[in-house]
Amino acid sequence: MSHHHPNPRSLLTPVMRGLIDRIARAGHPPLHALNPDQAKAAYTAGAGVVDIPSHKLARVEDLLIPARDGFELPARLYAPASEQALPVLLYLHGGGFTVGNIATHEPLCRHLAHLAHCAVVSLDYRLAPEWKFPTAVHDAWDALGWLRAHAGSLQLDGSRIAIGGDSAGGTLAAVTAIAARDAGWPLALQLLFYPGTAGHQNTPSHKTFAHGFILEEPHITYFFNNYLRGPMDRDDWRFAPLDGVDETGQVRDLDGVAPAWIGLAECDCLTDEGVMYADRLRMAGVPVDLEIYSGVVHGFIQFGRAIPTALTAHNDAARALRHAFGDQ
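Chains are numbered independently. Their residues run from 1 in the order of the written sequence. It should be noted that, the model being predicted, local features are given only for residues of pLDDT at least 70 and side-chain atom pairs only at 80 or more, the latter also being counted only at that level, while totals for whole chains, interfaces and linings use all residues. In computing side-chain properties, one takes all heavy atoms of the structure into account and sets aside hydrogens as well as water.

The protein carries the name Alpha/beta hydrolase in an unreviewed UniProt entry, which gives Hydrogenophaga luteola as its organism. UniProt positions are given in the numbering used here, feature names are shortened, and annotations may be inferred rather than shown by experiment. Comment text from UniProt for the protein, heading Sequence similarities (unreviewed entry), reads "Belongs to the 'GDXG' lipolytic enzyme family."

Engineer: Can you break down the overall build of the protein residue by residue, with the values?
Structural biologist: Helices and strands together make up the secondary structure of the protein, namely nine helices and eight strands. This radius of gyration counts C-alpha atoms alone. The globule rule is 2.2 Å times how many residues there are, raised to the power 0.38. For a compact globule of 328 residues, the expected C-alpha radius of gyration is about 20 Å, and the protein comes in at 18 Å, within 12% of that figure. For the protein, the spread of C-alpha atoms along the principal axes amounts to about 55 × 50 × 40 Å. Within the protein, buried positions represent 58% of all 328 residues. What makes two residues a contact is simply this: any of their non-hydrogen atoms within 4.5 Å. A sequence separation of at least 24 residues applies to 77% of the contacts in the protein between residues at least 6 apart. The protein chains shown are the only cover counted for residues, whose accessible areas, like all others here, come from Shrake-Rupley with a 1.4 Å probe. When the accessible surface of the protein is summed, it comes to about 12800 Å², and 56% of that surface belongs to carbon and sulfur atoms. Only DSSP runs of H or I reaching four residues or more are called helices, and only runs of E reaching two or more are called strands; each is numbered from the N terminus. A 1.4 Å probe rolled over the protein chains alone gives each residue an accessible area, and that area as a share of the maximum for its type sets the label: buried under 20%, exposed over 50%, partly exposed in between.

Engineer: Give me the lowdown on unusual backbone geometry, citing residues and values where you can.
Structural biologist: The omega torsion of the bond from Ala-128 to Pro-129 falls at 0 degrees, within 30 degrees of zero and hence cis. When you line up the elements, Pro-129 lands in the loop between strand E4 (119-123) and helix H4 (135-150). Positive phi values are uncommon outside glycine, yet Phe-97 reaches one of about 65 degrees. Note that Phe-97 resides in the loop between strand E3 (86-92) and helix H3 (106-116). Residues other than glycine seldom take positive phi values, yet Tyr-194 does so here, at roughly 30 degrees.

Engineer: Please give an account of the packing of H3 against helix H9 (residues 308-325) that cites residues and values.
Structural biologist: For helices, the axis comes from a line fit to the C-alpha atoms of the stretch in contact; other axes are also lines fit to C-alpha atoms, and the angle between any two N-to-C directions lies between 0 and 180 degrees. It is the contact of H3 with H9, at a shortest axis distance of 9 Å, that shows an interaxial angle of 50 degrees. If you check the angle between H3 and H9, you find them oblique. At the point where H3 passes H9, the crossing takes the right-handed sense. On the side of H3, the interface is formed by Leu-108, His-111, Leu-112, Leu-115 and Ala-116, while H9 contributes Leu-311, His-314, Asn-315, Ala-317, Ala-318, Leu-321 and Arg-322. Roughly parallel means an angle under 35 degrees; roughly antiparallel means over 145; roughly perpendicular covers 65 to 115; every other angle is labelled oblique. Handedness of a crossing follows from how the near helix is turned relative to the far one, being left-handed for an anticlockwise turn of less than a right angle and right-handed for a clockwise one.

Engineer: Describe the sheet that holds strand E1 (residues 59-66), naming the residues involved and giving the relevant values.
Structural biologist: Read from one edge of the open sheet, eight strands run E1-E2-E4-E3-E5-E6-E7-E8, paired in mixed fashion. Looking at strand neighbours, the two that pair on one side only are E1 and strand E8 (288-297), the edges of this open sheet. The average undirected angle you get between the axes of adjacent strands in this sheet is 20 degrees. As defined by bridge partners, strand E5 (residues 156-166) adjoins strand E6 (residues 190-193) across four bridges and the pair is classed as parallel. Across the sheet, residue Gly-165 finds its bridge partner in E6, namely Leu-192. Pairing between two strands requires that DSSP report at least two bridges joining them.

Engineer: Run through the nonpolar core, naming residues and quoting values.
Structural biologist: The definition of a nonpolar core used throughout is a set of buried Ala, Val, Leu, Ile, Met, Phe, Trp, Tyr and Cys residues joined through side-chain atoms within 4.5 Å. Ranked by internal contacts, the top residues of the largest apolar core, which has 115 residues, are Tyr-227 and Phe-300. Leaving out residues up to four positions away in the same chain, Phe-300 has contacts with Tyr-194, Leu-264, Ala-265, Tyr-293, Thr-309, Ala-310 and Ala-313.

Engineer: Any chance you could break down the UniProt feature "domain: Alpha/beta hydrolase fold-3" (unreviewed entry) in the protein for me, citing the residues and the numbers?
Structural biologist: UniProt records the feature "domain: Alpha/beta hydrolase fold-3" (unreviewed entry) for residues 89-301 in the present numbering. Here residues 89-301 is 34% helix and 20% strand, with 17 Å between the C-alpha atoms at its ends.

Engineer: Give me helix H8 (residues 271-283): which residues, what numbers.
Structural biologist: A rise of 1.5 Å per residue sets the reference length of H8, with its 13 residues, at 18 Å; its end C-alpha atoms lie 18 Å apart and thus fit the reference within 8%. Considered for burial, the residues of H8 that qualify are Thr-271, Asp-272, Glu-273, Gly-274, Val-275, Tyr-277, Ala-278 and Leu-281. Its buried side turned inward, H8 meets helix H5 (168-183), E6, helix H6 (204-208), strand E7 (260-267) and E8. A positive phi of about 85 degrees marks Gly-285, the residue just after H8. To estimate the expected span of a helix, count its residues, drop one, and scale the result by 1.5 Å.

Engineer: Break down the packing of aromatic side chains for me, with residues and values.
Structural biologist: Centres within 6.5 Å are what make two rings of Phe, Tyr or Trp a pair, Trp counting through its six-membered ring; a difference in plane orientation under 30 degrees is then read as stacked, over 60 as edge-to-face, and the rest as tilted. By the definition in use, this model includes 13 aromatic pairs. A centroid spacing of 5.9 Å and a plane angle of 50 degrees characterise the contact between Tyr-222 and Phe-223, whose relative ring orientation is tilted. Take Tyr-222 and Phe-223: they sit in the same class, and that class is buried. The interplanar angle of 45 degrees and the centroid separation of 6.2 Å between the aromatic rings of Tyr-227 and Phe-239 together place this pair among those described as tilted. Highlighted residues: Tyr-227 in helix H7 (residues 217-227) and Phe-239 in the loop between H7 and E7, separated in sequence by twelve residues.

What follows is the structure in structure tokens.
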């Protein structure tokens, strides 16, 4: 657990500190000062600024995935080759359940497909506040079921499916992995970049990194107020896989969920709950590979043009995927 640090800014790498200062000087209003439509547009507009260029791939296809209520979810399939039966990662983007889309996470998904030599299906699950919890949870689950059923017709290997995501998408991936265990659906890996896992933001890292580290406390409050129907939802395991409960009031056990690769940022409100989730998985006998990237902040995996550590994390995640899929 990170203890309160007298000068948390001193933990940042020089390039990370420089990027934070440049962003501050640019003077854009914070997302939480905007209405949700403005926030979506602002996040999309800013997404590519320090991200890597999009990697060229042999195969990119737009899909429509039906959800349980008949809504058609846009998704995009990326693959480094057109040959038969690549394994596949179902990817759930970050953005506080409120912002983000296929486009904002396209460079990341393309790079993972290239590095891991697997297909990646990036899902445009429905966003708050138009669609409240648990719609995004249902969309992620419905997409996984659809992918299992249609892998063959997409020339993918349905016996080798992983699930992953960053931030809010990491939450959705962790929750979907638990549900997959319940359903007896095997997953090769859960790939979690700085996931939210706890229902209440009260760990030491939430205090230490509340302001000045990109993801700020007011953002978190704003996102969760958009997404959750009310305070009760904070204690639902489908929002808080670390400490939330099911309808009988029990914390979900994690025995037999998919192996996990978890990549955290040291200077991030969510670090402690990420470490605690890794510990809970390990206690349940789940193989866990935990990496904490020093001196970087929440969101860093999309700062690859400016932050070399982003590329390290991409390579580490891709290595975990290759290993999980049996391609060393």
